[in-house]
Amino acid sequence: MTLEDFTDFAGDGTDEDGGEAARDAAEEDGGAAEVDGEVADAGSPPNDTTAPGAAGDGVEGNVFTEYEAEPVGEDAGLGVLSVSHGLRVAEEAEETTVKAFVTTDNRDAVRLGKYLIIPYPDGERLFCRITGLEYAQEFRSDDATEIHARRRMRRNDFSERDYKFMAELEPMSIVYGSGEDQTRRMTDRVPKPGALVEEAADAREIKTGLKIPEEGVFLGHLSVGGEVVRTAATPPTVDYRVKDDYGDGDPLAFRHTLVAGGTGSGKTHASKNVLRQYLDPDRTYPMDDGREAQMAVVQFDPQDEYAQMHDDNPALDDEIVRRLEREGIAYGGHDDTVALVPRVADATYPGEGHRAEQVEFTIPFSLTKEMPWLVAGSGLNDNQYPALLTLLNRFFRDYGDSGTYRQFLSYLDDPALKEELDETGRVHEATFDAVKRRVRAVPSGVFDADATPITDLDHTLVRPGGLTVIPTYHLPTSRQKEIVVLAVATMLIDDKLSNDPTSERIKRTPLLIGMDEAHNFLADADNVQAERVVGKFTEAAKQGRKERLGLFLITQDPQDVAESVFKQINTKVVLNLGDEDAIKSVNIPSTLAGKVPYMEKGQMVVYSPDNSEPVELKGLSVCVTRHD
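Everything numeric here is computed off the predicted structure, so don't read it as measured data. (Residues numbered from 1 in each chain as written. Predicted model: local features only at pLDDT ≥ 70, side-chain atom pairs only at ≥ 80, totals over all residues. Heavy atoms only, no water.)

1. So, the overall build of the protein
Summing up its helical and strand segments, the protein has 16 helices and 27 strands in all. Looking at the protein as a whole, 51% of its 628 residues are labelled buried. For the protein, contacts bridging at least 24 residues in sequence account for 71% of all contacts bridging at least 6. As displayed, the protein has an accessible area near 30,400 Å², and 44% of this comes from carbon and sulfur atoms. (Helix = DSSP H or I, 4+ residues; strand = E, 2+ residues; numbered from the N terminus. Buried < 20%, exposed > 50% of the residue type's maximum accessible area, 1.4 Å probe, protein only. Contact = heavy atoms within 4.5 Å. Areas by Shrake-Rupley, 256 points an atom, 1.4 Å probe, with all protein chains shown as cover.)

Below, the structure is given as structure tokens:
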């Protein structure tokens, strides 16, 4: 028999290839087989509607009599809990089994990650999310047969009634109370069999279930699979905020933030939106002396993008502005923005991309008295580094704090100094020469340029409610950028952590240090200088909560950030990353890590254990400040 003969059989059950095939299919499908587009009961001729016993039951000839019928009531929810597929809540997550049967009309709307609500009889609700979806057999049958396959191949539609559609659920918490009095606890009871399963549609209930604060710094809107979660409220979105007060622990700004994302993922756009929230004049922090002070933000900028935050974004039309105001999101250019520009020989800062005030500064060589690694480069070993300290101490003892880099080079050219240190056993002549080579390798013009020393600009550098941007894009070499960034950042950290600070302004102001391309400055390395730098930032990260100092690190290579710094970070905002090592290094739950390579621009995963459950967000599509 050929394929063309497959449907060419009689309907009386006598055809050798047709009738027998129909009966076989009927037995396989639990009592029904489809023949020529019609469904025949097993054991009866496919088209015989006048079989004995049928007469008088509404049958006229070969046509069934049709009756009009309206269903009573309306379906609510997506489906119901199933016991046949397991219903168990246990202390161990892997021993918990909660599955729901999804009705036919709802199957196309169900997606992995959706948040659901299952009520208990006493009014409490189980908050959960979908972690698995599957089709299960409705009848005891074998759908891996020639007959079944070829029938399906001749149809364009899919018969949902032949299968059960099951959703596997992960209980996340139990929500109880109503309105503003809602709260949550761990899952400690099993829901009832057949309980209604509904999509979570109340914004406050969703926030309670996920432990998202009502107030704080706005990051984005809750989403699932790139689609923003919609509710019945106004606005219909669920805003995600990071705790920013002392009501329940320390503000998370002072427990540090990492923004990780590849090129084109939208990390600068997202970072600007977040930093703008910290600069809101209504956002203040209590100080030890009883004052309420605004945050100061110092942002190191390798691509000359952040000074644009001074300017308004012309794309913010009236409709977007109304929506931002309704959700309490700060927007618009920040007037108190200053571009603090490092002056270096043979380098000119164009400053054409923004209208912020520009102030030039230089790195005084006197900073090496406290930061000797600024002139050490990356080649000094454990023996040579102490020799550098000896030379610097002698130099500043003889020249005072006004000593310059050029004077230090001349100082090292004195053969009498080299001979004296060698004869006294303090610095071997070979070590002296090695240190001298490293010091001379410092790029010219990075110290003591014709501009105001950064040590005299502390009131410009740190301003309550002010944004200071330090651009380094115009600097010719990576070594110059490294010296500028690490010198200024270390000066800020030293004053924040010191009991006897050089600058009271820095000490007494809440401070957020933003560092783009952080992997270039805070990488693990096996040399003395890198150990000193990483150690300084590790100390800052550990003491930040007490001193109201926060780190806001931005990088496309999170795996290169020193582990000692990385493990102090509480809030991780992860945008699209294509590198497997980078994704693994951010250490987010595997269920979310698998989504990271597929996220579109502006999509992000937030992992902040002290703030909420791990969630997926979608950031604002329009930057709240200028962003070219």
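2. Side note on the packing of aromatic side chains
All chains considered together, the criterion is met by 15 aromatic pairs. An angle of 20° between the planes, with centres 5.6 Å apart, marks the rings of Y115 and F127 as stacked. One end of the pair, Y115, is in strand β7 (residues 115–119); the other, F127, is in strand β8 (residues 125–137), and 12 residues separate them in sequence. When its relative accessible area of 8% is taken as the criterion, Y115 is described as buried. (Phe/Tyr/Trp six-rings, centres within 6.5 Å; stacked < 30°, edge-to-face > 60°.)

3. Looking at the pairing of strand β12 (residues 217–224)
Counting buried residues in β12 gives eight out of eight residues, a clear majority hidden from the surface. Pairing of β12 with strand β14 (residues 239–242), which is carried by four bridges, proceeds in the antiparallel orientation. The partner of V217 across the bridge, within β14, is V242. Pairing geometry for β12 and strand β13 (residues 227–228), over two bridges, is antiparallel. The residue of β13 that forms the bridge with V224 is E227. From the end of β12 to the start of β13, which pair antiparallel, there are two residues, and G225 there has a positive phi angle of about 60°. (Pairing = 2+ DSSP bridges.)

4. Some words on the environment of G550
Secondary-structure assignment places G550 in strand β24 (residues 549–555). Judged by its relative accessible area of 0%, G550 is buried. Sequence separation of G550 and V297 is 253 residues, and the distance between their C-alpha atoms is 9.4 Å. Once residues lying within four places of it in the same chain are set aside, the contact partners of G550 are A253, F254, H256, L511, L512 and I513.

5. Section: a positive patch on the surface
The grouping of R230, R322, R323 and R326 at the surface amounts to a positive patch. Following the sequence through the fold, R323 ends up in helix α5 (residues 318–326). Take R323: its relative accessible area is 35%, and that puts it in the partly exposed class. (Patch = residues over 30% accessible without salt bridge, like charges linked within 9 Å, V, L, I, M, F, W, Y side chains within 5 Å. Salt bridge = Lys/Arg side-chain N within 4 Å of Asp/Glu carboxyl O. Lys, Arg positive; Asp, Glu negative; His and termini not counted. Charge placed at Lys NZ, Arg CZ, Asp CG, Glu CD.)

6. With respect to the pattern of salt bridges
Taken as a whole and assessed by the stated rule, the structure comprises 37 salt bridges. The partner of D413 in a salt bridge is R440, with the nearest N and O atoms 2.6 Å apart. Of this pair, D413 sits in the loop between α7 (405–412) and α8 (415–423) while R440 is found in helix α9 (residues 429–440), placing the two residues 27 residues apart along the sequence. Look at R440 and you get partly exposed, because its relative accessible area is 40%. Three or more residues are tied together by salt bridges with common partners; here these are D122, E124, R185, D188 and R189.

7. Focus: the nonpolar core
Core analysis: the biggest nonpolar cluster contains 90 residues, and F447, I454, L461, M515 and F537 have the highest contact counts within it. Broken down by element, the residue count for this core peaks at 11 residues, all from helix α11 (residues 478–497). In this structure, I454 is in contact with L340, F361, T362, I363, P364, L367, L461, V488 and M491, ignoring residues within four places of it in sequence. By size, the runner-up hydrophobic cluster in this structure holds 44 residues, among which are I117, V175, A203 and A307. (Core = buried A, V, L, I, M, F, W, Y, C linked by side-chain atoms within 4.5 Å.)

8. Re the environment of V341
On the secondary structure map, V341 appears in strand β19 (residues 337–342). On the accessibility criterion, V341 (3% relative accessible area) is buried. Sequence separation between V341 and T362 is 21 residues; the distance between their C-alpha atoms is 8.5 Å. Excluding residues within four positions of it along the chain, V341 makes contact with Y349, Q358, V359, E360, F361, P471 and H474.

9. Description of the side chain of D495
Turning to its location among the elements, D495 is positioned in helix α11. Buried D495, no salt bridge; nearest opposite-charge side chain is K507, N-O distance 8.5 Å. Separated by 3.4 Å, the side chain of D495 and the backbone nitrogen of S503 make a polar contact. Here D495 is in contact with P501, T502, S503, I506 and K507, once residues within four sequence places are set aside. (Polar contact = N/O pair within 3.5 Å; in protein donor to acceptor, adjacent residues only side chain to side chain.)

10. Section: α8
For α8, the N-terminal cap is D414; the gap from its side-chain oxygen to the backbone nitrogen of A416 is 3.0 Å. One or two residues past the end of α8 sits G425, with phi positive at roughly 80°.

11. Focus: the confidence of the model for the protein
In this model, the protein carries a mean pLDDT of 88, and residues with pLDDT of at least 70 account for 87%. Long-range and interchain partners of residues 1–59, a stretch whose pLDDT sits below 50, account for 69 contacts in this model, where long-range means more than four residues apart. (pLDDT = per-residue confidence, 0-100.)

12. Observations concerning the packing of α8 against α9
Viewed as axis vectors pointing N to C, α8 and α9 meet at an angle of 135°, and their least axial separation amounts to 9 Å. Classified by the interaxial angle, the pair formed by α8 and α9 is oblique. Note on element contacts: α9 touches α8 through E429, F432 and D433, opposite L417, K418, L421 and D422. Among the residues making up the contact of α8 with α9, the classes are represented as three nonpolar, no polar and four charged. (Axes fitted to C-alpha atoms, helices over the stretch in contact; angles between N-to-C directions. Parallel < 35°, antiparallel > 145°, perpendicular 65-115°, else oblique. Nonpolar A, V, L, I, M, F, W, Y, C, P; charged D, E, K, R; others polar.)

13. Regarding the pairing of strand β6 (residues 97–102)
Bridge analysis of strand β5 (residues 79–88) against β6 gives six bridges, and the strand direction is antiparallel. Note on β6: the bridge partner recorded for V80 is F101. Where β6 lies against strand β9 (residues 163–176), four bridges are found, and the strand directions are antiparallel. Note that in β9 the partner of F101 across the bridge is M166.

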